[in-house]
Amino acid sequence: MIRLEGVTRRYSSRAGDRVALDNVDLEIGRGEIFGVVGRSGAGKSTLIRTINRLETPDGGRVIVDGEDITALDAKGLLKARRRIGMIFQHFNLLNSKTIEANVAFPLMLEGRPKAEITARVAELLAQLGLAEHAKKYPRQLSGGQKQRVGIARALACGPQVLLCDEATSALDPETTEDILNLLDQLNRELGLTIVMITHQMEVVRRVCDRVAVLKDGKVVETGRTADVFLNPAHPVTQAMLAEDDDGFDAAMAPVGGQMARLTFRGASTYEPELSRIARETGVDYSILSGRISRIRGEPCGQLLVVFTGGDATVAMARLTENGVAVEAIQKEAR
Amino acid sequence: MFDNVNWLEVGKAGIDTLLMLAGSLTLTVAIGIPLGVLLFLSGKGKLAANPVVNAVLSFVVNVLRSLPFIILLIVMLPLTMLLVGTSLGVLGAIPPLVVGTAPFYARLVENALREVDHGVVEATQAMGGSTFQIVMRALLPEALPGIIAGATVSAIALVGYTAMAGVVGAGGLGDLAVRFGYQRFQTDVMFVTVVLLLVLVQILQMLGDWLVARVSHR
Ligand SMILES: Nc1ncnc2c1ncn2[C@@H]1O[C@H](COP(=O)(O)OP(=O)(O)OP(=O)(O)O)[C@@H](O)[C@H]1O
Ligand SMILES: [Mg+2]
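Residues numbered from 1 in each chain as written. Chains lettered and ligands numbered in written order. Predicted model: local features only at pLDDT ≥ 70, side-chain atom pairs only at ≥ 80, totals over all residues. Heavy atoms only, no water.

A. Expanded view of the nonpolar core. Formed by 54 residues in total, the largest nonpolar core has its most connected members in A:Ile2 and A:Leu4. Within the second largest apolar cluster, 52 residues are counted, among which are A:Ala154, A:Leu180, A:Leu192 and A:Val228. (Core = buried A, V, L, I, M, F, W, Y, C linked by side-chain atoms within 4.5 Å. Buried < 20%, exposed > 50% of the residue type's maximum accessible area, 1.4 Å probe, protein only.)

Quick look at the structure:
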């Protein structure tokens, strides 16, 4: 649905040149929710903005639904943008217009007939639970409601793609959850392809099918969210996940024995594998840290345990046989 | 009390002042808004960034703004003759009033446009809005409170300028104040004109504030 080929973007300033995007290749499938994470300044916003060419790349191509966005002339670009919705961290609603006028805005820009606009706006407001706010102004709404208006506006022209630049970063956790549920629902019901830029790992964990990690304008890691989050390969990914997980440092554990990271996925996450195998092999275990959760709906868990007594090697082999990914960790001498 | 005051004269002068104000304010707004939009759009990093256009416009605006109005009145005489055929009366006053105020107002409009959150421009672009649509449908409506507030400030400046224009034969309340109040020491005439000008300024300010409040939804 969206393909970036060798996309590069440089900024030059008096302080020197800066490569915001460095030869980025990315393929985002139709109907996918795709996350892009990275630290501040990694180039996330620049990346998402090349997709509707708010930012024109210096090199490379961006193809959306088979159309080369980078090659379009001015008029073609305006048309293409109508098929790509976008929502923003600070909503960017027009304060001078009512909610219904905000939602009608893109349709009006497109020059649709008045009757059609009225009908479409009513439909969108109802669909997003905003009907009672139609005549209000943005300042009368809460952050979550404003983002709903932003979403309604982005959907008005019936786009196939929705770009979200830190769409939940200005919202509290509960409202974030609400907006994420909404995006998830739109993805399922409309088959909408969604690209989400965020620095909130939790957001990715919750809704993204796949994720790319950006560092200094380069994609350093990409894959299915569960794969990347359970086995992060790049130090940046590991660090960002560790921060999200309040960063347990294995080296600090005040216990001897064999340390191991156990990764459970799918339905077996909820099975009592660990205690059963411990009982059978006579090992004891203590859990140093862990998390059982869902990544994009898939149950998964990761435990850091230390085995004492009995034969840890046998226990780990048994766990592996039973579909638990086991990674033995050598405790570093300090 | 008010022995020297010829109320008919005062009434005529008042109407002249209002006519000068209405005419010059209309033209100031008509010229100042497009000029302010151009100043804004041609600015660095803006929608139609153009350093040359911006520098030229900026220079002209600054020159006109730095000229004291009384000098502008005199310098403008030949041009005024050319434009409206007379340098006297209400008609003769309007060109210098507009030239003196429109650049000032254009700056106020430019500032009002700068106050608009860039995110709104970006969102409109993302929705496929053309530059023209961004200006007409997003920027100007969003900046409307500032644009009206600027028009109020300009209108009040214009009231002061009309009094000065009175000195070179434009008529109006300022002319009355100078000719009778000042030159003939008729304090009562001075008093009446000053009070009327004061009332006019108050009304303009209140009207402006009321309009701004009506269109503000921030
Ligand atoms: N208009 C610009 N002019 C110059 N440099 C820019 C501009 N926009 C972005 N940059 C630079 O490009 C790099 C990437 O910026 P970008 O906004 O894409 O980062 P980001 O990942 O979105 O960061 P954040 O999480 O802080 O929003 C940064 O180093 C930034 O300083
Ligand atoms: Mg950003």
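B. Broad picture of the interface of chain B and chain A. Each side of the interface is counted separately: chain B has 19 residues, and chain A has 22 residues. Summed over both sides, the interface between chain B and chain A buries roughly 2,000 Å², with carbon and sulfur atoms accounting for 57% of that surface. A salt bridge links A:Arg49 to B:Glu122, with the nearest nitrogen and oxygen atoms 2.8 Å apart. Take the side of chain B that touches chain A: its biggest share by element is 7 residues, from helix H6 (residues 118–126) of chain B. Classifying every residue of the side of chain B that touches chain A gives 6 nonpolar, 8 polar and 5 charged. (Contact = heavy atoms within 4.5 Å. Buried area = accessible area lost by both parts, 1.4 Å probe. Salt bridge = Lys/Arg side-chain N within 4 Å of Asp/Glu carboxyl O. Helix = DSSP H or I, 4+ residues; strand = E, 2+ residues; numbered from the N terminus. Nonpolar A, V, L, I, M, F, W, Y, C, P; charged D, E, K, R; others polar.)

C. Unusual backbone geometry, seen in detail. Residues and elements named next belong to chain A. Here the phi dihedral of Asn23 falls at roughly 55 degrees; this positive angle occurs in a residue that is not glycine. With respect to the element layout, Asn23 can be found in strand E2 (residues 16–28). The exposure class assigned to Asn23 is partly exposed, which follows from its relative accessible area of 46%.

D. Highlighting helix H5 (residues 89–115) of chain B. Across its 27 residues, H5(B) extends 39 Å between first and last C-alpha, which sits within 8% of the 39 Å expected from 1.5 Å per residue. With 19 of its 27 residues buried, H5(B) lies for the most part within the structure. (Expected span 1.5 Å × (residues − 1).)

E. A look at the sheet that holds strand E3 (residues 33–38) of chain A. All names here are of chain A. Pairing within the open sheet is mixed, and its 6 strands lie in the order E6-E7-E8-E3-E9-E10. The sheet is open, and its two edges are formed by strand E6 (84–88) and strand E10 (218–224), each paired on a single side. In this sheet, adjacent strand axes meet at a mean angle of 15 degrees when their direction is disregarded. Summarising the sheet, strand E9 (residues 210–215) and E10 pair through 6 bridges and their orientation is antiparallel. Bridging across to E10, Val213 finds its partner in Glu221. Along the sheet, helix H5 (residues 143–155) makes contact with E6 and strand E7 (161–165), crossing E6 at roughly 165 degrees. (Pairing = 2+ DSSP bridges. Axes fitted to C-alpha atoms, helices over the stretch in contact; angles between N-to-C directions.)

F. Geometry of the site of ligand 1. Residues and elements named next belong to chain A. Taken together, Tyr11, Arg18, Ala20, Arg39, Ser40, Gly41, Ala42, Gly43, Lys44, Ser45 and Thr46 form the complete shell of residues around ligand 1. In the environment of ligand 1, an oxygen atom lies 2.6 Å from a nitrogen or oxygen atom belonging to the side chain of Arg18. Measuring from an oxygen atom of ligand 1, one finds a side-chain N or O atom of Thr46 at 2.5 Å. Out of a free accessible area of 640 Å², ligand 1 has 61% covered by protein chains. (Near = heavy atom within 4 Å. Polar contact = N/O pair within 3.5 Å; in protein donor to acceptor, adjacent residues only side chain to side chain. Areas by Shrake-Rupley, 256 points an atom, 1.4 Å probe, with all protein chains shown as cover.)

G. Highlighting the domain arrangement of chain A. Residue and element names in this part refer to chain A. For chain A, the domain assignment lists domain 1 (2–242) and domain 2 (250–329). The gap between the C-alpha centroids of domain 1 and domain 2 is 38 Å. Contact residues are listed per partner, giving 14 residues for domain 1 and 10 residues for domain 2. Taken together, the two surfaces of domain 1 and domain 2 that pack against each other cover about 990 Å², and 46% of this comes from carbon and sulfur. (Domains from an automatic or database assignment.)

H. Examining the environment of B:Val98 more closely. Residue and element names in this part refer to chain B. Tracing the backbone shows Val98 in helix H5. Distance in space between the C-alpha atoms of Val98 and Ala138 is 27 Å, their sequence separation being 40 residues. Filtering out sequence-adjacent residues up to four positions away, Val98 remains in contact with Ser24, Leu27, Thr28, Ile31 and Pro103.

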